[in-house]
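Coordinate inspection notes
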Amino acid sequence: MREHRAAATTAGILYIVGTVSGILSKAVTYFPVHDADDPLAYAANHSGRVATGALLVLVMGMSLAMVPAVLFPVLRRLDEVLATGYLIIRGAVEATTYVIVAVAWLLLVPLAETTAAGPGTASPAGTRLGTLVIDSDGASIIMSLVFCLGGALFYVLLFRSRIVPRWIVWWGFPGLASYAAAYLLAMYGVVGISSAAVNLLCLPLAVQEMVLAVWMIARGFRPAATGGTP
């Protein structure tokens, strides 16, 4: 139906916008500030970069939070309970965490102004506070596990309905498991949260989501199936 095609196209575009914004936020703000000798001093000297990074986080968060909202009218016809859970977890909960992250990044600049040790100096307090604010590993891990829970609900809905090809859905399940494993390993200190191992474990799901997004834009949803073979 026409409204299903519109929902699929919109969701696919939002997936891509959210993913690209997230990658850019890391490149623009997270890594430069995280790797600086004095994160707060760096933030004070590059306030525009920090503001841009926070804006990109908000764009990412709002785009990804809108995906379940856009798809809810379609998914609720398949299973209203699962669709509602998906909307709450991937919509409300994730959006809230992204807003908190963006606010934390914006706090770097005023914190720098109150802990400055003087021009050209690295404040010990600034180093510790800046690292605490930007290096929110625990929050990232929890947010990633919440993301996996919401993703699991989404893929169960897709699997049961067959509104997208089964091979895309089958790809998503091990991708979610690999993604969750990456952050569980980081939670217990086995690997660093920004390590190559975490990035490698997250890669299958990242690629799968982009394939799903392109499929939704190009092909839309199939009519929901109620039985038979795929």
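Residues numbered from 1 in each chain as written. Predicted model: local features only at pLDDT ≥ 70, side-chain atom pairs only at ≥ 80, totals over all residues. Heavy atoms only, no water.

1. Re the UniProt feature "transmembrane region" (unreviewed entry) in the protein
When the UniProt feature table is mapped onto this chain numbering, "transmembrane region" (unreviewed entry) sits at residues 12–33, 53–75, 87–108, 138–158, 170–191 and 197–218. Secondary structure within residues 87–108 divides into 95% helix and 0% strand; the distance between the first and last C-alpha atoms comes to 31 Å. Secondary structure over residues 197–218 splits into 100% helix and 0% strand, and the C-alpha atoms at its two ends are 33 Å apart. (UniProt positions renumbered as here; feature names shortened; annotations may be inferred. Helix = DSSP H or I, 4+ residues; strand = E, 2+ residues; numbered from the N terminus.)

2. Description of helix α9 (residues 196–219)
Here α9 contains 24 residues, and its C-alpha end-to-end distance of 34 Å stays within 8% of the 34 Å for a straight helix at 1.5 Å per residue. Roughly 40° is the biggest bend found in α9, and it falls at leucine 203, with proline proline 204 one to four residues downstream. Along α9, the residues classified as buried are Val198, Cys202, Leu205, Gln208, Glu209, Leu212, Ala213, Trp215 and Met216. Positive phi shows up at glycine 220, right after α9, with a value of about 70°. (Expected span 1.5 Å × (residues − 1). Bend = angle between axes of the 7 residues up to and from the residue. Buried < 20%, exposed > 50% of the residue type's maximum accessible area, 1.4 Å probe, protein only.)

3. As for a nonpolar patch on the surface
A contiguous nonpolar surface patch, about 590 Å² in accessible area, is contributed by Ile142, Leu184, Leu185, Met187, Tyr188 and Val190. The topology assignment puts leucine 185 in helix α8 (residues 166–187). Using a relative accessible area of 32% as the deciding quantity, one classes leucine 185 as partly exposed. (Patch = residues over 30% accessible without salt bridge, like charges linked within 9 Å, V, L, I, M, F, W, Y side chains within 5 Å. Areas by Shrake-Rupley, 256 points an atom, 1.4 Å probe, with all protein chains shown as cover. Salt bridge = Lys/Arg side-chain N within 4 Å of Asp/Glu carboxyl O.)

4. Some points on the packing of aromatic side chains
One pass over the structure, following the stated rule, counts 10 aromatic pairs. Consider the rings of phenylalanine 154 and tyrosine 155, whose centres lie 5.6 Å apart with planes at 35°: the pair is tilted. For the ring pair tyrosine 179 and tyrosine 183, a centre distance of 5.3 Å and an interplane angle of 40° mean the geometry is tilted. Here the residue tyrosine 179 and the residue tyrosine 183 both occupy positions in helix α8, the gap between them amounting to 4 residues, near one helical turn. An aromatic cluster is defined as three or more aromatic residues linked by ring pairs; in this entry it consists of Tyr86, Phe154, Tyr155, Phe159, Trp170 and Phe173. Sitting above the plane of the phenylalanine 159 ring, arginine 166 keeps its charged end 4.0 Å from the centroid. (Phe/Tyr/Trp six-rings, centres within 6.5 Å; stacked < 30°, edge-to-face > 60°. Lys NZ or Arg CZ within 6 Å of the ring centre and 35° of its normal.)

5. A short note on the side chain of serine 144
Mapped onto the secondary structure, serine 144 falls in helix α7 (residues 137–161). By relative accessible area, serine 144 is classed as buried at 7%. Those residues within four positions of serine 144 in sequence are excluded, and the remaining contacts are Tyr179 and Tyr183. (Contact = heavy atoms within 4.5 Å.)

6. Points about the environment of alanine 27
Assignment of secondary structure puts alanine 27 in helix α1 (residues 2–34). Setting aside anything within four residues of it in sequence, one finds alanine 27 in contact with Pro32 and Arg49.

7. A short note on the packing of α8 against α9
Interaxial distance between α8 and α9 falls to 8 Å at its minimum, and their mutual angle equals 150°. Our classification of the angle between α8 and α9 gives roughly antiparallel. Crossing hand, α8 versus α9: left-handed. Seen from α8, the contacting residues are Trp167, Ile168, Trp171, Gly172, Gly175, Leu176, Ser178, Tyr179, Ala182, Tyr183 and Leu185; seen from α9, they are Val198, Leu201, Cys202, Pro204, Leu205, Val207, Gln208, Val211, Leu212 and Trp215. A breakdown of the residues in the contact of α8 with α9 according to their chemical character gives 17 nonpolar, 4 polar and no charged. (Axes fitted to C-alpha atoms, helices over the stretch in contact; angles between N-to-C directions. Parallel < 35°, antiparallel > 145°, perpendicular 65-115°, else oblique. Left-handed = near helix turned anticlockwise from the far one by under 90°. Nonpolar A, V, L, I, M, F, W, Y, C, P; charged D, E, K, R; others polar.)

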